[in-house]
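# Notes for the structure review
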Amino acid sequence: MFYYRYSPEQLERAAEQLLQKFDPELLKKPKEYDVYRVIEECLGVDYDWKYIRPDQAILGLTAFNPGYIWVSPAPHLYEGIQPERIYLEKGTILIDATLTEGNNIGRERFTVMHEVFHQVLHKDCFRREPPDYVHQTTKCTLFGQKKKLVTALDHIEYQANTCAADFLMPRKTVPTVWRSISGFDRPAHEDYRTEEYIRPGLSGIQTGNEVSAEESSAHCPAYNSLLNLIKTQGVSTPFILE
């Protein structure tokens, strides 16, 4: 595989272009919407939910070519469990079914948009792979620790993460929402402990629901995107360093 050297500005522009295509109002005023509509209206490909792995190590995947994959019949291991073989049409996005269960809305939305941007940015990047190649997105890719961008795959995953965060939290609307959530409207300053105040606010901007501590960690791409927006858009928090 290979990758394109997109700059952060180009990635943000790609996210804004998809927002413009999907619903231009989202660039002016945040509102609730179903991320699966983005797949339907902007990509026109199939999507489905399956228990991809019983250990939830794989949260989503994209079939860049038609072919068969193995999935689990249940979200957990048990004696005698047997995987199931299913066929995916070209372009199909598969989301792990556990994301639709419980309070996983933030993780589900981010995973969906991560897969969407693989289709927007990376269709050509996998053309040298085998005909039945399916690109899988691991939990570590979405919510793991930061890592150096060394391989083509590292860059590809970083780009999909960045665009997903930029799409869900566009620069043009996040500052206003953050001010309304935090209740503070003062110039940003390096001494403000912005990082410590983002965790409870991230969910309000992205989904309107709470997210897990794992998703709110400093390793979450959405968290890092929000931190950058707040620090660069003149929005601060009430915490002062001693």
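Preceding block: the structure.
Residues numbered from 1 in each chain as written. Predicted model: local features only at pLDDT ≥ 70, side-chain atom pairs only at ≥ 80, totals over all residues. Heavy atoms only, no water.

Below, the discussion takes up the pattern of salt bridges. Counted under the stated rule, the structure contains 5 salt bridges. In this structure, the salt-bridge partner of Glu-12 is Arg-171, at a minimum N-O distance of 2.7 Å. With Glu-12 in helix H1 (residues 8-22) and Arg-171 in the loop between helix H5 (152-168) and helix H6 (174-182), this pair connects stretches of sequence that are 159 residues apart. Note that Arg-37 and Glu-41 form a salt bridge whose closest N and O atoms lie 2.9 Å from each other. Taken together, the residues span about one helical turn, with Arg-37 and Glu-41 both in helix H2 (residues 36-43) at a distance of 4 residues. When its relative accessible area of 29% is taken as the criterion, Arg-37 is described as partly exposed. In this structure Glu-41 comes out as partly exposed when scored by relative accessible area, which is 44%. One continuous salt-bridge network, built from bridges that share partners, spans Asp-23, Glu-25 and Lys-31. (Salt bridge = Lys/Arg side-chain N within 4 Å of Asp/Glu carboxyl O. Helix = DSSP H or I, 4+ residues; strand = E, 2+ residues; numbered from the N terminus. Buried < 20%, exposed > 50% of the residue type's maximum accessible area, 1.4 Å probe, protein only.)

Turning our attention to the packing of H2 against helix H3 (residues 105-121). Where H2 contacts H3, the two axes come as close as 9 Å, and the packing angle between them is 20°. Judged on the interaxial angle alone, H3 and H2 are roughly parallel. Here H2 and H3 pass one another in a crossing that is right-handed. Of H3, the residues touching H2 (which contributes Tyr-36, Val-38, Ile-39 and Leu-43) are Glu-108, Val-112, Met-113, Val-116, Gln-119 and Val-120. Residue classes in the contact of H2 with H3 are distributed as 8 nonpolar, 1 polar and 1 charged. (Axes fitted to C-alpha atoms, helices over the stretch in contact; angles between N-to-C directions. Parallel < 35°, antiparallel > 145°, perpendicular 65-115°, else oblique. Left-handed = near helix turned anticlockwise from the far one by under 90°. Contact = heavy atoms within 4.5 Å. Nonpolar A, V, L, I, M, F, W, Y, C, P; charged D, E, K, R; others polar.)

Turning next to the nonpolar core. In this structure, Leu-18, Val-38, Met-113, Val-116, Phe-167 and Leu-168 are the most contacted members of the largest nonpolar core, which totals 33 residues. If you list the elements that add at least two residues to this core, you get H1, H2, strand E5 (93-96), H3 and H5. Apart from the residues within four sequence positions on either side, Met-113 is in contact with Leu-18, Val-35, Val-38, Ala-164, Phe-167 and Leu-168. Formed by 10 residues, the second largest nonpolar core is a distinct cluster that contains Ile-58, Leu-61, Val-71 and Leu-88. (Core = buried A, V, L, I, M, F, W, Y, C linked by side-chain atoms within 4.5 Å.)

So, about the sheet that holds E5. In any sheet, the strands associate via hydrogen bonds between backbone groups, in a parallel or an antiparallel arrangement. Read from one edge of the open sheet, 4 strands run E1-E5-E2-E6, paired in mixed fashion. Strands with a single pairing partner mark the edges of an open sheet, and in this sheet they are strand E1 (47-50) and strand E6 (134-138). Neighbouring strand axes in the sheet, compared pairwise and without regard to direction, differ in orientation by 20° on average. Note: E1 against E5, 4 bridges, orientation parallel. Residue pairing in the sheet places Asp-48 in a bridge with Leu-94 of E5. Lying on the sheet, H3 is in contact with E1, strand E2 (58-63), E5 and E6; it crosses E2 at an angle near 25°. (Pairing = 2+ DSSP bridges.)

This part is about the packing of aromatic side chains. Throughout the structure, instances matching the rule amount to 11 aromatic pairs. Considering the side-chain rings of Tyr-36 and Tyr-47, the 5.1 Å spacing of their centres and the 25° angle between planes classify their relative orientation as stacked. Note that Tyr-36 is positioned in helix H2 and Tyr-47 in strand E1, a separation of 11 residues in sequence. Judged by relative accessible area, Tyr-36 falls into the buried class, the value being 7%. Here Tyr-47 and Trp-49 contribute two aromatic rings whose centre-to-centre distance is 5.4 Å and whose plane-to-plane angle is 90°, an arrangement assigned as edge-to-face. An aromatic cluster is present here, built from Phe-22, Tyr-33, Phe-117 and Phe-167 joined pairwise through their rings. One Lys or Arg, Arg-109, reaches over the ring of Tyr-33 and ends 4.8 Å from the middle of that ring. (Phe/Tyr/Trp six-rings, centres within 6.5 Å; stacked < 30°, edge-to-face > 60°. Lys NZ or Arg CZ within 6 Å of the ring centre and 35° of its normal.)

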